[in-house]
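Here is how the chains run, residue by residue.
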Amino acid sequence: MVKAIEFRDNRVIILDQTKLPFEISYIECTDYQMIAQCIKKLCIRGAPAIGIASAMAIALGAQDIEAESFDEFVLKIQPIFDTMLATRPTAVNIRWACERMRDFLNLHREETITTLKDLLIEEANKILQEDIEINKAIGKWGAEFIKDGDTILTHCNAGSLATGGYGTATAPMIIAKEQGKNIHVIVDETRPLLQGARLTAWELIQTDIPVTLITDSSAGALMRQGTIDLAIVGTDRTTKRGDVANKIGTYTVAVLCKENNIPFYVAAPLSSIDFSIEWGDLIPIEERSPQEVTTIGGKRIAPEGVNVINRAFDITPSKYVTAFFTEKGVFKPRDLKKLISRDIDIDSLRLKPYEKVR
Ligand code: MRU
């Protein structure tokens, strides 16, 4: 399994995804600012992975803090939180990871500063390990919705590279294959930065899952001719009513699925659900450099002076989502908000396998 990030010997080791699939090289981050730069430049990307990277940045940055008291330590660690929260705005996982590290810190206020520093590393590593387990659970639930012989469309990269391991959208595919189902994955290029072509295709080839690459604009034609049985994508942030922020182009895929009666599933760990907001339009959408659109692999493809819109993500309203694959089961969008309530009968909310939703 590909490892996107690791905390080792007081360094955070990041696989440089901007170089894939041509070069496997690692960046050894020795301070938190380097990790923040890696997130901004997409050397590490994908919502859960940048959440993990932020937790590791907090743990790494904490090692350099000199403080006599807990309050002084908290004061000095604040700029690290601020830096990580300012890296990318859309994925809620960064905020989630920062809140978790902050709560953890407050719970351990009685410890010595030396112990606190060790505990923060342990907690960041725990977030990574838990993420892998969460993805396996998403995979187990989601695989029930994949039939032998299915062709699955995915968009962008919601695989191992985007998480601690296994991926969110790819976990059900991996588990369906382990269950002996013959599946085929169609991955679209995902312009402008080609996460589908460069990353998802590369990952799936390594897991021996048959994969076919298409241009972004081919999905509709393939759906119309009956080639695609279902779509599974990831999410950077999903609101409590089930509106989904994900890589630009996800909305197009979702609308095409609806038009062609194809189930559209979103693999969403609970850390990607923002229970504090109702509507997708409240999610901040990252705008990236025009250069990402006017060039491919550093080569200019558009005339000088052209105007560019380069939104990194779009919003898919919940009405287009057939169901969410989460670590707690598979749920209809309208039931997502019930997952944080203490007294729900989760079994009664869980969707049963594909016969019922197709
Ligand atoms: O800009 P990116 O490459 O970070 O965008 C990533 C995505 O859109 C993923 O689908 C999303 O983060 C989910 S990853 C499990």
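Residues numbered from 1 in each chain as written. Predicted model: local features only at pLDDT ≥ 70, side-chain atom pairs only at ≥ 80, totals over all residues. Heavy atoms only, no water.

If you tally the helices and strands in the chain, you get 11 helices and 16 strands. Against the 2.2 N^0.38 benchmark of 21 Å for 358 residues, the chain shows a C-alpha radius of gyration of 20 Å, consistent with a compact globule. A total of 358 residues make up the chain; the buried ones form 57% of that total. The contacts of the chain with a sequence gap of at least 6 include a subset with a gap of at least 24, amounting to 74%. Here the chain contributes 43 positive and 49 negative side-chain charges, whose respective centroids are spaced 5 Å apart. (Helix = DSSP H or I, 4+ residues; strand = E, 2+ residues; numbered from the N terminus. Rg over C-alpha atoms; globule rule 2.2 N^0.38 Å. Buried < 20%, exposed > 50% of the residue type's maximum accessible area, 1.4 Å probe, protein only. Contact = heavy atoms within 4.5 Å. Lys, Arg positive; Asp, Glu negative; His and termini not counted. Charge placed at Lys NZ, Arg CZ, Asp CG, Glu CD.)

Bringing the pattern of salt bridges into the picture now. By the definition in use, this model includes 21 salt bridges. A salt bridge links E123 to R100; the nearest nitrogen and oxygen atoms lie 2.9 Å apart. Separated by 23 residues along the polypeptide, E123 in helix α5 (residues 113–143) and R100 in helix α4 (residues 93–107) bring together distant segments of the chain. Considered together, E123 and R100 belong to a single accessibility category, that of buried residues. When the shortest N-O distance is used, the salt bridge between E304 and R300 registers 3.6 Å. (Salt bridge = Lys/Arg side-chain N within 4 Å of Asp/Glu carboxyl O.)

Frequently, the measure chosen for interface size is the accessible area removed from exposure when the parts meet. Taken as a whole, the chain is organised into domain 1 (5–134) and domain 2 (143–349). Contacts between domain 1 and domain 2 engage 27 residues on the former and 31 residues on the latter. Here domain 1 meets domain 2 over a buried area of about 2400 Å², counting both sides, of which 56% is carbon and sulfur. Linking domain 1 with domain 2 are 2 salt bridges. Ionic pairing is found between D274 and R95, a salt bridge with its closest N-O pair at 3.1 Å. Where domain 1 touches domain 2, the interface holds 16 residue pairs in polar contact (both at pLDDT 80 or more). Those elements giving two or more residues to the side of domain 1 that touches domain 2 turn out to be α2 (47–62), α4 and α5. In terms of residue class, the side of domain 1 that touches domain 2 is built from 16 nonpolar, 5 polar and 6 charged. (Domains from an automatic or database assignment. Buried area = accessible area lost by both parts, 1.4 Å probe. Polar contact = N/O pair within 3.5 Å; in protein donor to acceptor, adjacent residues only side chain to side chain. Nonpolar A, V, L, I, M, F, W, Y, C, P; charged D, E, K, R; others polar.)

Moving on to the nonpolar core. Counting residues in each nonpolar core, the largest one holds 76 residues, and the members touching the most others are I35, I44, F73 and I77. Both of domain 1 (5–134) and domain 2 (143–349) provide at least three residues apiece to this core. Once residues lying within four places of it in the same chain are set aside, the contact partners of I77 are I58, A62, I65, L105 and L120. L153, A231, I273 and L339 belong to the second-largest nonpolar core, a separate cluster that totals 27 residues. (Core = buried A, V, L, I, M, F, W, Y, C linked by side-chain atoms within 4.5 Å.)

As a further point, take the packing of aromatic side chains. The tally for this structure, following the rule as stated, stands at 4 aromatic pairs. Seen in terms of ring centroids, F145 and Y265 are 5.8 Å apart; in terms of plane orientation they differ by 65 degrees. Their pairing is edge-to-face. Taken as a pair, F145 in the loop between α5 and β4 (151–154) and Y265 in strand β10 (residues 264–267) lie far apart in primary sequence, 120 residues in all. Overall, the relative accessible area of 0% leaves F145 in the buried class. Looking at Y265, the relative accessible area reads 0%, which means it is buried. Considering the side-chain rings of F145 and F325, the 5.8 Å spacing of their centres and the 40 degrees angle between planes classify their relative orientation as tilted. (Phe/Tyr/Trp six-rings, centres within 6.5 Å; stacked < 30°, edge-to-face > 60°.)

A word on the pairing of strand β9 (residues 244–247). The pairing of strand β8 (residues 237–239) with β9 spans 2 bridges and is antiparallel. Note on β9: the bridge partner recorded for R237 is A245. Where β8 folds back onto β9 in an antiparallel hairpin, the turn is made up of 4 residues, including G242, whose phi is positive at roughly 95 degrees. (Pairing = 2+ DSSP bridges.)

Within helix α1 (residues 32–40), the full set of buried residues consists of Y32, I35, A36, C38 and I39. An end-on view of α1 places all buried positions within 160 degrees of arc, on one side of the element. On its buried face, α1 sits against β2 (11–15), β3 (26–29), α2 and α3 (70–85). Among the residues trailing α1, L42 stands out with phi positive, at a value near 70 degrees. (Arc of directions from axis to C-beta.)

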